[in-house]
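So the chains spell out like this:
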Amino acid sequence: MHHSTLTGLAGLIVFALTHTGSAAGPAVRITVDTDHPGHAVSPLLHGVFFEDINYGADGGLYAELVQNRSFEHREHLFAWGTVNRGGEGTVTVESAEPLNAKNPHYVRLSVRTPGSGFGVANYGFGGIVTKTGENYLVSLRARAAANYGGALRVVIEDETGRPLGDCALTGLSEKWQKFDGVIKSTGSATHARLVVVATAPGRVDLDMVSLFPENTWKHRRNGLRADLVKMLADLHPAFMRFPGGCIVEGMDLPNRYQWKDTIGDVADRPENWNRWQDAMGDATAPQYYQTYGLGFFEFFQLCEDLGTEPVPILNCGMACQYESKQLAPLDQLGPFVQDALDLIEFANGPVTTRWSARRAAMGHPEPFHLKIVGVGNEQWGEQYFERYAVFQAALKAKHPEIQLVTGAGPGVDDGFWKLAWDKFRNGTPADIVDEHYYRPPQWFLENATRYDVQERRGPKVFAGEFAAHDGPQHRPTLRAAVAEAAFMTGLLRNSDLVAMSSYAPLFAKAGASQWAPDLIWFDNTRVYGTPSYHVQALYSRNRPDVILPVSVDGPPVTLPALPAGSVATYGAPPRPPYRSGPLPALFVAAGWDRQAGEVVLFVANPYAEERAATVALGGASHAATAGKVIVLASTTPDDVNSFEAPATVVPREENLNVGGSELSYRFPASSFTVLRLKMAQ
Ligand code: AHR
């Protein structure tokens, strides 16, 4: 807020609005000092973290409907079956003279008699979804023995075997060729299959059998699911951290994410097993693979579409420190560092250079304007610091304009975290330190002030993965969301230090997830946001430009200490975990939205009773003209959203009648509220 716009104008304002609710708790007074704006709010404060976990990419955001299209899964015919319509033949997996060295397996149909069709069917990711009247794009690679005189018939069939549409692919030869077709579906189905059959006796080889809806995000080929991108776009993320997460590290080094495997023709992108496939007890998914169809080009393009900053995270020569702990020797880090340099070139270079020519060949000669790169994910310890120093020297020498993100380890209450900050403040410098915390809701309340007291010297903070774990199942409840909202008042208030933040993983597929909580749940046809999704969206969509000082007067709250062991710590704790004193009567942050000319107030009430509060625009000397309140609340803090009831916990918006200098408002129990108060010019 410009100080000058407020001073010297006469008249205070009184707002009056009562919000019906249960008996109020203690009265609270919130005073916003509109005359003394503080620091600017980081424009990158609210972003998202995308990882291919929980079938977030393949089977999720990436719209490919065929699972295991290149027959490279450990079980080569996983998701495939044989189709025999009165014929005779065999289906085998072969590897002689493959499509290319990165795609070494394919399927061979050896057909003695075709009947009315002999071949294979793919069952998708738990069924293929089709909609009446929509087009589906078929593509596949095929070759045939010289004496094969037939075509390939490609059919979408519903779960009863009823054909919903088909196309014929002709002109097979002894050489691998790409074939494309379009099928308009005459019916809607949720468990359809894609059938590919030979129509004559002889030998046919198939690979890269693919089916996409034509209706992807922006109708792109090799595209993304439009409904999931819309959920993402609605968050207005300022940046996207990608592709992980632990997936960057890999279980071991060969399993790590290598961006060069994820660009170019999809048939040239080698499949990699997903490190989450064996990760979690009951949810193991031994056939969870990364096709890399949603690779680095698609990532940059999506960021551009959404107007969001790309934040790639790259392997730093270390595999997962919980798992294999493999290290690239320091004197063999060259290729890892080169990968990072080449990625910057791929994103930003002029088309005349090797990697940016690849970008141009994929249809994007203009640069992607990459500004931030992460070196390593959730790494810790001396082995990390010495590897980071090698990257830092090389990257800063060639690209001083690129900001470097480093990891602070798996926690923020322990020796690894303390050591990381010492190193990045006093040793090899970093620009931004990525902190991760998955903690009980109460921890988030107790840590809402942790950045008020953190030293300002040195790098900025990136709260890169955080989420409240409600109970042993980590249920995505309103309680968890309100605790995160309370904590985020501290991120906003301290956004001179906290430059960036993003929640835990973005997407989770129902019945196929390895990690909870997550922001967005989906299946093959539906999607909903958790209460935490709405908290993230409310912060992101209402981000002010500058902070306004705010005070809360009301009886403080003391909660019993969290049980010992409820917060995991790593390394030798340098000091007892951070814990604030008594908690405030309400958690509040305030700011000024310059363009809208509005004071924006963020208020979390994590308590069991509503709070009657007076909001005073202390120091303001001109009137507000309108107001709006957006409230995220529900019947109980245990409430969650679901496919059946996706709107149980969603924000509700009301206009406020503005009438003076003070607003009376009852903040519901277990709620998060955004108040927007428009000031007269
Ligand atoms: O978010 C899931 C995992 O949690 C991430 O891969 C890792 O960075 C963190 O430990």
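Scroll up to find the structure this text is about.
This text gives an overview of the structure that appears in the document. All figures in this text were calculated on a predicted structure; none of them were measured in a lab.

Another aspect to go through is the overall build of the chain. Broken down by element type, the chain carries eleven helices and 35 strands. The C-alpha atoms of the chain give a radius of gyration of 28 Å, which matches the 26 Å a tight globule of 681 residues would have. Within the chain, contacts between residues separated by at least 24 positions form 79% of all contacts whose residues are at least 6 apart in sequence. Total accessible area computed for the chain in this model is approximately 24600 Å², and 54% of it derives from carbon and sulfur atoms. Here the chain carries 59 positive and 72 negative side-chain charges, and the mean point of each set is 2 Å from the other.

Once that is clear, we can look at the sheet that holds strand β5 (residues 88–94). With respect to topology, five strands assemble into an open sheet ordered β5-β6-β14-β9-β12, the strand pairing being antiparallel. Two strands bound the open sheet, and with one partner strand each, they are β5 and β12 (177–184). Averaged over all pairs of adjacent strands, the angle between strand axes in this sheet comes to 30 degrees, irrespective of strand direction. Sheet topology places β5 next to strand β6 (residues 106–113); seven bridges connect them, and they run antiparallel. By the bridge assignment for β6, Gly89 is matched with Val111.

Turning our eyes to something else, we now look at the packing of aromatic side chains. Enumeration according to the criterion identifies 47 aromatic pairs in this entry. Ring centres of Tyr55 and Phe125 lie 6.4 Å apart, and the angle between their planes is 75 degrees; on these two criteria the pair is classed as edge-to-face. Taken as a pair, Tyr55 in the loop between β3 (46–49) and β4 (80–84) and Phe125 in the loop between β7 (118–122) and β8 (128–130) lie far apart in primary sequence, 70 residues in all. For Phe125, a relative accessible area of 14% puts it in the buried group. Ring plane angle 40 degrees and centroid distance 5.2 Å describe the contact between Trp259 and Phe346, whose orientation is recorded as tilted. Separated by 87 residues along the polypeptide, Trp259 in the loop between α3 (246–249) and β16 (272–273) and Phe346 in helix α5 (residues 334–348) bring together distant segments of the chain. Considered together, Trp259 and Phe346 belong to a single accessibility category, that of buried residues. The ring of Phe49 carries Arg241 above its face, with NZ or CZ at 4.4 Å from the centroid. Directly above the ring of Tyr451 sits Arg450, whose terminal nitrogen or CZ lies 5.8 Å from the centroid.

Within the secondary structure, Arg256 is located in the loop between α3 and β16. Among the polar contacts made by the side chain of Arg256, one reaches the side chain of Gln258 at a distance of 3.3 Å. In this view, Arg256 contacts Ile247, Val248, Glu249, Gly250, Asn272, Tyr292, Asn315 and Phe336; residues no more than four positions away in its chain are not counted.

On to the packing of helix α7 (residues 382–398) against helix α8 (residues 415–426). Closest axis-to-axis distance for the α7/α8 pair is 11 Å, and the angle between their directions is 25 degrees. Classed by the angle they form, the pair α7 and α8 counts as roughly parallel. You can see that α7 and α8 cross each other, and the crossing is right-handed. Residue-level contacts link Glu382, Tyr384, Phe385 and Tyr388 of α7 to Leu419, Ala420, Lys423 and Phe424 of α8. Looking at the contact of α7 with α8, its residues break down into six nonpolar, no polar and two charged.

Side chains Ile372 and Gly374 project from strand β19 (residues 372–375) onto one buried face, and the interleaved Val373 and Val375 project onto a second face that is buried too. Looking at chain direction, strand β18 (residues 309–314) and β19 are connected through two bridges and run parallel. Bridging from a neighbouring strand, Leu314 pairs with Val375 of β19. Pairing geometry for β19 and strand β20 (residues 403–407), over four bridges, is parallel. What sits directly across from Val375, in β20, is Thr406. Between the parallel elements β19 and β20, the chain passes through α7 in a crossover that is right-handed.

This part covers unusual backbone geometry. In this structure, Pro243 follows Phe242 across a cis peptide bond, with omega equal to 5 degrees. With respect to the helices, strands and loops of the structure, Pro243 is situated in the loop between β15 (239–242) and α3. The linkage connecting Ala516 with the following residue, Pro517, adopts the cis geometry, with an omega of 5 degrees.

If you look at the biggest cluster of nonpolar residues, it comprises 132 residues, and the most contacted ones within it are Tyr437 and Phe672. The element contributing the most residues to this core is helix α10 (residues 478–493), with eleven residues. Other than its neighbours up to four places away in sequence, Phe672 contacts Val482, Ala485, Val535, Leu538, Tyr539, Phe602, Val603, Ala604, Ile630, Val631 and Leu632. Judged by nonpolar contacts, the second largest core, of 35 residues, contains Phe71, Leu164, Phe179 and Ile183.

Moving on, we come to the sheet that holds strand β21 (residues 432–439). A barrel is described by the order of its strands in space; here eight strands give the closed sequence β3-β15-β18-β19-β20-β21-β22-β23, paired in parallel fashion. The sheet shows a mean angle of 25 degrees between the axes of neighbouring strands, direction not considered. Packing of α8 onto the sheet brings it into contact with β20, β21 and β22 (460–468), and relative to β21 it is tilted by some 170 degrees.

Our next topic: the pairing of strand β23 (residues 498–502). On any regular strand, side chains alternate: one points to one face of the sheet, the next to the other face. Among the five residues that make up β23, five are buried, leaving the element largely enclosed by the rest of the structure. As paired strands, β3 and β23 are joined by two bridges and run parallel to one another. When the sheet's bridge partners are listed, Gly47 is paired in β23 with Ser502. Regarding the hand of the β-α-β motif, the stretch spanning β22, α10 and β23 is right-handed.

The next subject is the site of the ligand. Surveying the vicinity of the ligand reveals 13 residues, the closest of which are Glu51, Cys246, Glu378, Tyr438 and Glu465. Within the side chain of Glu378, a nitrogen or oxygen atom sits 2.9 Å from an oxygen atom of the ligand. In the complex, the protein chains occlude 96% of the 280 Å² of accessible area that the ligand would expose alone. A breakdown of the residues in the shell around the ligand according to their chemical character gives seven nonpolar, three polar and three charged.

Turning our eyes to something else, we now look at the state of the cysteines. By definition, a disulfide is the covalent link that joins the sulfur atoms of two cysteine residues. On inspection of all chains with the given rule, the structure shows zero disulfides. Cys246 carries a free sulfur, and the closest cysteine sulfur to it, the one in Cys320, is 4.9 Å from it.

Here the focus is the pattern of salt bridges. In this structure the tally under the stated criterion is 41 salt bridges. Where Lys260 meets Asp339, a salt bridge forms, and the shortest distance between an N and an O atom there is 2.8 Å. Here Lys260, found in the loop between α3 and β16, pairs with Asp339, found in helix α5; they are 79 residues apart in sequence, far enough to count as distant. Two residues, Glu298 and Arg269, come together in a salt bridge whose shortest N-O distance is 3.1 Å. Of this pair, Glu298 sits in helix α4 (residues 296–306) while Arg269 sits in the loop between α3 and β16; the two residues are 29 residues apart in sequence, bridging distant segments of the chain. For Glu298, a relative accessible area of 8% translates into the label buried. Given the relative accessible area of 5%, Arg269 is considered buried. Residues participating in the shared-partner salt-bridge network are Asp593, Glu598, Arg676 and Lys678.

Calculation rules
Residues numbered from 1 in each chain as written. Predicted model: local features only at pLDDT ≥ 70, side-chain atom pairs only at ≥ 80, totals over all residues. Heavy atoms only, no water. Helix = DSSP H or I, 4+ residues; strand = E, 2+ residues; numbered from the N terminus. Rg over C-alpha atoms; globule rule 2.2 N^0.38 Å. Contact = heavy atoms within 4.5 Å. Areas by Shrake-Rupley, 256 points an atom, 1.4 Å probe, with all protein chains shown as cover. Lys, Arg positive; Asp, Glu negative; His and termini not counted. Charge placed at Lys NZ, Arg CZ, Asp CG, Glu CD. Pairing = 2+ DSSP bridges. Axes fitted to C-alpha atoms, helices over the stretch in contact; angles between N-to-C directions. Phe/Tyr/Trp six-rings, centres within 6.5 Å; stacked < 30°, edge-to-face > 60°. Buried < 20%, exposed > 50% of the residue type's maximum accessible area, 1.4 Å probe, protein only. Lys NZ or Arg CZ within 6 Å of the ring centre and 35° of its normal. Polar contact = N/O pair within 3.5 Å; in protein donor to acceptor, adjacent residues only side chain to side chain. Parallel < 35°, antiparallel > 145°, perpendicular 65-115°, else oblique. Left-handed = near helix turned anticlockwise from the far one by under 90°. Nonpolar A, V, L, I, M, F, W, Y, C, P; charged D, E, K, R; others polar. Right-handed = clockwise from strand over helix to strand, strands pointing away. Core = buried A, V, L, I, M, F, W, Y, C linked by side-chain atoms within 4.5 Å. Near = heavy atom within 4 Å. Disulfide = S-S within 2.5 Å. Salt bridge = Lys/Arg side-chain N within 4 Å of Asp/Glu carboxyl O.

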